[in-house]
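Structural features, examined
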Amino acid sequence: MVAVLELIDNLTDQYGRDRSSLLPILQGVVQQENYLSEYAMIEIARALNLPAAEVYGTATFYSFLEYKKMGKYLIRICKTITCSMKGKNQVLMTIEDMLKIKVGETTPDGMFSLLQTNCLGFCHMAPAMLINFDVYTDLTPEKVREILSGYLNRKGGVNDTRI
Amino acid sequence: MTPGYDLKRVDFIFQNESDWKDILQKSLSRPPAELINELISSELKGRGGAGFPTGFKWKLAADELNLIKYIICNADEGEPGTFKDREILTKVPMKVLTAMAICGYVIGSHQAYIYLRGEYFFLQPALNKAILEFQATCQELNFDFRIKLFMGAGAYICGEETALFESMEGKRGEPRNKPPYPTSFGYLGKPTVINNVETLAHTYTIFKYGAKRFYDLGVQYSRGSKLFSVSGDTPKPGIYELELGMSLLDFVHDFGDGDTKAVQVGGASGFLVPQKRFAETTIGFQGKLTGISLPTGGSMMLFNSSRSMYNVLDNYLEFFREESCGQCTPCRVGCQQLLNGIKAVKRGEKNGQYLDKLLRLTETMQYTAKCGLGQSVANSFSSIVENFREEMIY
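Within every chain, residues take consecutive numbers counted from 1 along the sequence as written. Chains carry letters from A onward and ligands carry numbers from 1 onward, assigned in written order. Since the coordinates come from a predicted model, pLDDT governs what is reported: local features require at least 70, and pairs of side-chain atoms require 80 or more to be given and counted, while whole-chain, interface and lining totals use all residues. The basis for every side-chain value is the complete set of heavy atoms in the structure, and neither hydrogens nor water enter the calculation.

**Describing the overall build of chain A**
The way it works is that DSSP assigns letters per residue, a run of H or I at least four long becomes a helix, a run of E at least two long becomes a strand, and they are numbered from the N terminus. Counting secondary structure elements, chain A contains seven helices and four strands. Of the regular secondary structure in chain A, the N- to C-terminal order runs α-α-α-α-β-α-α-β-β-β-α. Taken along its principal axes, the extent of the C-alpha atoms in chain A is 50 × 35 × 25 Å. The 163 residues of chain A split such that 55% are buried. Whether two residues are in contact is decided by their heavy atoms: any pair within 4.5 Å suffices. Contacts spanning at least 24 positions in sequence make up 62% of the contacts within chain A whose residues lie at least 6 apart. Where accessible areas are quoted, they stem from the Shrake-Rupley method and a 1.4 Å probe; at the residue level, only the protein chains shown are allowed to cover. Within the structure as shown, chain A displays about 7,400 Å² of accessible surface, and the carbon and sulfur contribution to it stands at 50%. The centroid of the 17 positive side-chain charges in chain A is displaced by 6 Å from the centroid of its 18 negative side-chain charges. The buried label applies to any residue whose accessible area, calculated with a 1.4 Å probe on protein chains only, is under 20% of its type's maximum; exposed applies above 50%, and partly exposed to all values in between. Neither His nor the chain ends contribute to the count of charged residues, in which Lys and Arg are positive and Asp and Glu negative. Charge positions come from single atoms, namely NZ of Lys, CZ of Arg, CG of Asp or CD of Glu.

See below:
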């Protein structure tokens, strides 16, 4: 709790307390905490002198501002047409099989969450996915197995990509 | 390749940008009115898809008397099948920054923003570095101009200019009513020029070579070149700069896999063109030319005969249902009902005639939805359902 407060303090110092700073502040919290807790949203509202409902309404509008607890590594696989045509489902099944979770779920150890997302803008290198903010393209079941093994091996956390 | 089917490839956008300081300095020494006229006579139209004449946009903002004005580069590239803007910002960011500064000089603005979609977060460090270098040069030239990067957070609708302003103001990305238009009432209520990344890159070409070099490309009403994001069933997916006004048949000869059944022009919000219409369809802005002319943000998705058009439409409708901002009823409920409707027809719970009801619903959405998102669902829906009706039912 204290850590979030400190984080919000730093972010408001950096971006200011205007309403137009709201998105950068929300993004800053998501980057550190992986999601926006109700507590964080209430505290941001307090810091910017806004109704908490306004902060909640804004945050929940954006698909990259998670408001449910997410794993340390958030996998977003593109489900738009070209990725679907180029074998997204096989890649998705491979991920589900390796991590033993379905779309929308988080591994019990809190390391991985799996989501589908709309067009990532890599249709010429389909299928594509994001793990946090790293892009992986031209995926095949073999390739995604290799990528995830890399993450599983380092899941101690030294090489966290989300800074 | 059949002779006579050569597409005219162009290489302006990704051409070397090392002369950006010269272009900036040269432009800042010309009278603003002259720069505006250069743009107007080039007949450059916005490359994000809507096609508003860029020179007029700058002129409208320049004529505003407000002391505070803003420039925004719209890099919220979210249309399915589009990926050109990221390439521009990766390969030639200085062109875009230079164009923004020239616009600042022309309209009298000192503050600019790049609204970059959240999915492209990884571009941030390189882009911030480019901005720092650029601002140092502005300082050397005694030109007061600041550029900031603003990150989006995963909402397709924020590519709509007024939704983008709302988003930057810290609100839900819900489009505003127009008018007032951005050039008089934009970000924070101030006059704002908002241009697509590619549009700005083209202005660089125009300020570098003059309007004529640009105007000489393309056809009437559709001057210049355009980046195309080519994906789907093609042996060579990627980004290509082509002259506007090409025939879709020529395009398919060049990029198709020999079995092209249909091409979706302009992404999910665009039109599906079936094979029988390739010859009569040209790619450019609507004018008084004969035949069908389709404007596009540059998304070209090819489908071969192995693809089910039902799956394509289902995918697009799911996209729209999720990305509808939910503000106006025709779009919020319409997208849900269209998706439910085609699923019911496919399952046999509704007969084929139900598709006509759905077509009338898209017509209603076209007239009553508040913004381009809801209005354009009709494009892909009607062009797919009318041309591939049997695939929707069986």
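Moving on, there is more to tell.
**Here's the deal with the layout of surface pockets**
Residue and element names in this part refer to chain B. Think of a 1 Å grid over the protein atoms and nothing else: a 1.4 Å probe that fits but is trapped marks a cavity, an open set flanked by protein within 12 Å on at least five of seven lines marks a pocket, and residues with an atom within 4 Å of a point count as lining. Grid points are joined across faces, edges and corners, and a volume is the space filled by probe spheres set on the points. There is about 1,400 Å³ of room inside the largest pocket. Forming the boundary of the largest pocket are 46 residues, of which Gly48, Gly49, Ala50, Gly51 and Gly159 lie nearest the centre. Elements with a minimum of two residues in the lining of the largest pocket: helix H3 (54-63), helix H4 (84-91), strand E4 (192-196) and helix H14 (372-387). At five residues, the largest contribution of residues to the lining of the largest pocket is made by H14. All amino acids are sorted into three groups, where Ala, Val, Leu, Ile, Met, Phe, Trp, Tyr, Cys and Pro are nonpolar, Asp, Glu, Lys and Arg are charged, and the leftover types, Gly among them, are polar. Split by residue class, the lining of the largest pocket holds 13 nonpolar, 22 polar and 11 charged.

**Side note on the nonpolar core**
For soluble globular proteins, the rule of thumb is that nonpolar side chains tend to be buried together. Buried Ala, Val, Leu, Ile, Met, Phe, Trp, Tyr and Cys residues that are joined via side-chain atoms within 4.5 Å together make up what is termed a nonpolar core. Counting 140 residues, the largest nonpolar core has Ile44 of chain A together with Trp58, Met100, Phe134 and Phe145 of chain B as its most contacted members. Ranked by residue count, the leading element in this core is helix H5 (residues 93-107) of chain B, at 10 residues. Filtering out sequence-adjacent residues up to four positions away, Trp58 of chain B remains in contact with Ile36, Leu39, Ala99, Ile102, Cys103, Val106, Ile107, Val193, Asn195, Leu200, Thr203 and Phe207 of chain B. Counting residues in hydrophobic clusters, the runner-up holds 20 residues, among them Val230, Val252, Phe285 and Leu302 of chain B.

**Notes on the packing of helix H1 (residues 20-28) of chain B against helix H6 (residues 124-140) of chain B**
Residue and element names in this part refer to chain B. Here, axes are lines fitted to C-alpha atoms. For helices the fit covers the stretch in contact, and angles between N-to-C directions go from 0 to 180 degrees. Contact pair H1 / H6: the axes reach a minimum separation of 11 Å and the direction vectors enclose 40 degrees. In terms of orientation, H1 and H6 fall into the oblique class. The handedness of the crossing between H1 and H6 is right-handed. When H1 is examined against H6, the residues Trp20, Lys21 and Leu24 are found in contact with a partner set consisting of Glu133, Phe134 and Thr137. Orientation is classified from the angle alone, with under 35 degrees giving roughly parallel, over 145 giving roughly antiparallel, 65 to 115 giving roughly perpendicular, and any other angle giving oblique. Definitions for this section: a left-handed crossing has its near helix turned counterclockwise from the far helix by less than a right angle. A right-handed crossing has that turn clockwise.

**Comments concerning the pairing of strand E10 (residues 271-274) of chain B**
Moving residue by residue along a regular strand, the side chains alternate between the two faces of the sheet. Residue and element names in this part refer to chain B. Looking at chain direction, strand E9 (residues 260-265) and E10 are connected through four bridges and run antiparallel. The residue bridging Val265 from the neighbouring strand is Phe271, located in E10. In short, DSSP must find at least two bridges between two strands for them to pair. Counted between consecutive antiparallel strands, the loop separating E9 from E10 contains five residues, among which Gly266 sits at a positive phi close to 95 degrees.

**Things to note about the packing of aromatic side chains**
Whether two aromatic rings pair depends on their centres lying within 6.5 Å, for rings of Phe, Tyr and Trp, where Trp uses its six-membered ring; planes under 30 degrees apart make the pair stacked, over 60 edge-to-face, and the rest tilted. Scanning the model with the defined rule gives 20 aromatic pairs over all chains in all. Summarising the aromatic geometry, the rings of Phe319 of chain B and Phe320 of chain B are spaced 5.6 Å apart at their centres and angled 70 degrees between planes, so their arrangement reads as edge-to-face. One aromatic cluster is present, built from ring pairs that chain together Tyr73, Phe112, Tyr136 and Tyr151 of chain A. By definition here, charges over rings are those cases where NZ of Lys or CZ of Arg is within 6 Å of the ring centre and within 35 degrees of the ring normal. The ring of Tyr215 of chain B carries the charged tip of Arg223 of chain B above its face, separated from the ring centre by 4.1 Å. Positioned above the aromatic ring of Phe255 of chain B, the side-chain terminus of Lys236 of chain B is 5.1 Å from the ring centre.

**Section: the domain arrangement of chain B**
All names here are of chain B. Per the domain assignment, the segments making up chain B are domain 1 (20-215), domain 2 (218-304) and domain 3 (310-393). Domain borders in the structure are assigned automatically or taken from a domain database. The distance between the C-alpha centroids of domain 1 and domain 3 comes to 33 Å. When two parts are put together, the accessible area they lose, computed with a 1.4 Å probe and summed over both, is reported as buried area. Counting the surface lost from both domain 1 and domain 3, the interface buries some 840 Å², and carbon and sulfur atoms represent 68% of this. Per-residue buried area on domain 1 facing domain 3 is highest for Tyr156, Ile157 and Pro175; these three make up 53% of the total on that side. N or O atoms closer than or at 3.5 Å make up a polar contact, with two conditions inside protein: a donor-capable atom paired with an acceptor-capable one, and, for residues adjacent in sequence, both atoms drawn from side chains. Put simply, domain 1 and domain 3 have three residue pairs in polar contact (both at pLDDT 80 or more) between them. Here the side of domain 1 that touches domain 3 is composed, by residue class, of five nonpolar, three polar and four charged.

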